[in-house]
Amino acid sequence: MTVEGSPDTKNTGRGRGRTAGEPGRQDWASWPHYDAAGSGFRGYWYPVTWSSHITGKPLPFTLCGEKITLIRDGGTAYALHNRCPHRGVPLSEGDQQFPGTVSCPYHGWTFDLPTGKLSAVITDGPGCRLTGKVGVRTYPVEERLGMVWVYIPIADEEPHPIDSQLPEELVGNGFVMGGRIEPRGGNWRFACENGFDEGHAKYLHRTALWRLFKPMPTWNITRIVPKGRWIFRVQDEVHWEADYPGVGHWSNKRWWKMQPPKETFNIGNTGKADKINPTIEAQEFPGFASLSMPGVLRIAYPKFIHYEFYVPVDDDNHRYVGVMVNFTEGWKTLGFYAKYLGAVRWLFHGQFSGQDAWMVDVTDAPPEKLYRPDVSLTSWRNLSEEEYGKKLAAVGADAPETPHSTRDKKA
């Protein structure tokens, strides 16, 4: 006799389909682009760190499997491949010896920040014959939302405008924001799927202090609605408790929590609001949870919107970027900062989000057995498959080119 999940029955190979006799597909073969995107989708802008963290001292990062270094010069942030072509020493270990450059700490190979071209070799004198003939790859950089964003190309295409990738309401509206950026274990796809997953919040987050006084539904009837480049999770039925045959009664209600509403709602996830912020209301969101490429989650509450950007590092790690936005300006921003720094940052971006980080880090899929609420996951995978197929076709590529972390691009 064997037990499910034991070495005798567990299918640990990617793309091996399903075990004989088990229903449904359990690998990701239906989404080949998604399956191949363990280190992320190339051809997009990704937030890397806060703008204030990038100074004249180069810092190392890994993005979509590529090692890069970020450095600021004359107020402008630059990104270069983090490997000196001489002996492979990280440029992030170096410093600036001349304006507009970065120098390798080993032998003083010095590279121009805008172009990546070798500008000088300090230890070879002014007449070094390699000058201008060797270089490192550079990457497009923009700064938005107080963060440095880097574009990782598929081939050598020009990047699309970064504003076309941002949530539309963040372009042209005044707002105040707070957020957290931190490295986390687990693949970025697990983090993205967790964010849009309908079922987990009702159970995993039932113990979160952020939800201490607010009830969570027990189960929902949900459908996925596309709108523009986003897919929305729309709630048609919200159930706060249920009787499970042969098991018993289960509820998220508690005597100390607010009483849940009787009607269905689609802004926020704990009940229908009496008043919604005008900017949020003007967006006419079909549902409170939405997702777009390359992995941008938007959770709309009555008075604020929470965004999560799942930034690929490599197959086993990602960067979590969580941002809370309140569409207000002037003196009212002081109240937001007091609330955010005093409570929200620790309760929401800390303990609440920490529960997600825990699950993402221990998730091991495929193989997998999906259930009805996982329509959110399959809809996301379908969206990413379709959108990335279009992107590859637009740049004339059949598949992403080999990452540059093992080679240098000649300038």
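Residues numbered from 1 in each chain as written. Predicted model: local features only at pLDDT ≥ 70, side-chain atom pairs only at ≥ 80, totals over all residues. Heavy atoms only, no water.

Next up on the list: the sheet that holds strand E8 (residues 138-139). Strand pairing in a sheet is mediated by backbone hydrogen bonds. Such pairs are either parallel or antiparallel. Taken together, the four strands give an open sheet; going across it, the order is E2-E3-E4-E8, and neighbouring strands pair in antiparallel fashion. Edge positions in the sheet fall to strand E2 (59-63) and E8, since each has one partner strand and no second. Bridge analysis of strand E3 (residues 66-73) against strand E4 (residues 76-81) gives six bridges, and the strand direction is antiparallel. Note on E4: the bridge partner recorded for Leu 70 is Ala 79. (Pairing = 2+ DSSP bridges. Helix = DSSP H or I, 4+ residues; strand = E, 2+ residues; numbered from the N terminus.)

Note that the residue after Met 293, namely Pro 294, is joined by a cis bond; omega there is 5 degrees. Checked against the element boundaries, Pro 294 lands in the loop between strand E16 (289-292) and strand E17 (296-300). Geometrically, the link from Ala 365 to Pro 366 is a cis peptide bond, its omega value of -10 degrees lying close to zero. Mapped onto the secondary structure, Pro 366 falls in the loop between helix H5 (332-362) and helix H6 (375-394). Backbone geometry at Leu 145 places phi at a positive 55 degrees, although glycine is not the residue there. Along the chain, Leu 145 falls in the loop between strand E9 (141-144) and strand E10 (147-152). Here Leu 145 falls in the buried class, since its relative accessible area comes to 13%. Located in the positive-phi region is Glu 284, a residue other than glycine, with phi close to 55 degrees. Take Glu 284: it is sitting in the loop between helix H4 (278-282) and E16. Of the residues examined, Glu 284 reaches a relative accessible area of 61% and is grouped as exposed. (Buried < 20%, exposed > 50% of the residue type's maximum accessible area, 1.4 Å probe, protein only.)

Right, let's talk about the packing of aromatic side chains for a bit. What the rule picks out here adds up to 17 aromatic pairs. Seen in terms of ring centroids, Tyr 203 and Trp 250 are 5.9 Å apart; in terms of plane orientation they differ by 35 degrees. Their pairing is tilted. Taken together, the residues Tyr 203 in helix H3 (residues 200-204) and Trp 250 in strand E15 (residues 248-251) connect sequence positions 47 residues apart. By relative accessible area, which is 28% here, Trp 250 ends up partly exposed. Aromatic rings pair up to connect Trp 28, Tyr 34, Phe 41, Trp 188, Phe 190, Trp 380 and Tyr 388 into one cluster. Over the face of the ring belonging to Tyr 44 we find Lys 391, whose NZ or CZ atom lies 4.5 Å from the ring centre. (Phe/Tyr/Trp six-rings, centres within 6.5 Å; stacked < 30°, edge-to-face > 60°. Lys NZ or Arg CZ within 6 Å of the ring centre and 35° of its normal.)

So, about the nonpolar core. Core analysis: the largest hydrophobic core is formed by 78 residues, its most contacted members being Phe 41, Val 150 and Trp 380. For Phe 41, the residues in contact, after removing those within four places along its chain, are His 33, Tyr 34, Tyr 46, Cys 64, Trp 188, Met 293, Ser 384 and Tyr 388. Leu 91, Trp 109, Leu 118 and Cys 128 belong to the second-largest nonpolar core, a separate cluster that totals 16 residues. (Core = buried A, V, L, I, M, F, W, Y, C linked by side-chain atoms within 4.5 Å. Contact = heavy atoms within 4.5 Å.)

There is a patch of like positive charges on the surface, built from Lys 214, Lys 275, Lys 303, Lys 332 and Lys 339. Summarising the element assignment, Lys 332 is placed in helix H5. (Patch = residues over 30% accessible without salt bridge, like charges linked within 9 Å, V, L, I, M, F, W, Y side chains within 5 Å. Areas by Shrake-Rupley, 256 points an atom, 1.4 Å probe, with all protein chains shown as cover. Salt bridge = Lys/Arg side-chain N within 4 Å of Asp/Glu carboxyl O. Lys, Arg positive; Asp, Glu negative; His and termini not counted. Charge placed at Lys NZ, Arg CZ, Asp CG, Glu CD.)

As a further point, take the confidence of the model for the chain. Overall, the predicted model of the chain reaches an average pLDDT of 87, with 86% of residues at or above 70. Here residues 1-20 is a poorly scored stretch, pLDDT under 50, and it has 24 contacts once near neighbours within four places are set aside; other chains count. (pLDDT = per-residue confidence, 0-100.)

Here the focus is the pattern of salt bridges. Applying the stated criterion across every chain yields a total of 16 salt bridges. Between Glu 142 and Arg 144 there is a salt bridge, and its shortest N-O distance comes to 3.5 Å. Its relative accessible area of 26% is what places Arg 144 among the partly exposed residues. Between Arg 229 and Glu 168 there is a salt bridge, and its shortest N-O distance comes to 3.3 Å. Remark: Glu 168 occurs in the loop between E10 and strand E11 (176-185) and Arg 229 occurs in the loop between strand E12 (219-227) and strand E13 (230-239); sequence separation between them is 61 residues. For Glu 168, a relative accessible area of 40% translates into the label partly exposed. Sharing partners across several salt bridges, the network here consists of Glu 168, Glu 169, Arg 229 and Arg 298.

Here the focus is the sheet that holds strand E6 (residues 109-112). Spatial ordering of the open sheet is given by E5-E6-E7, a layout of three strands whose pairing is antiparallel. Unpaired on one side and paired on the other, strand E5 (101-103) and strand E7 (118-121) mark the two borders of the sheet. Averaged over all neighbouring strand pairs, the angle between strand axes comes to 20 degrees, with direction disregarded. In this structure, E6 lies alongside E7, joined through three bridges in antiparallel fashion. The residue of E7 that forms the bridge with Trp 109 is Val 121. (Axes fitted to C-alpha atoms, helices over the stretch in contact; angles between N-to-C directions.)

What follows deals with the packing of helix H2 (residues 188-196) against H6. Contact geometry for H2 and H6: axes closest at 9 Å, N-to-C directions at 125 degrees. One element, H2, and the other, H6, form an angle in the oblique class. The two elements H2 and H6 meet at a crossing, and its hand is right-handed. Facing H2, whose interface residues are Trp 188, Cys 192, Glu 193 and Phe 196, H6 presents Ser 376, Leu 377, Trp 380 and Arg 381. Residues of the contact of H2 with H6, tallied by class, amount to five nonpolar, one polar and two charged. (Parallel < 35°, antiparallel > 145°, perpendicular 65-115°, else oblique. Left-handed = near helix turned anticlockwise from the far one by under 90°. Nonpolar A, V, L, I, M, F, W, Y, C, P; charged D, E, K, R; others polar.)

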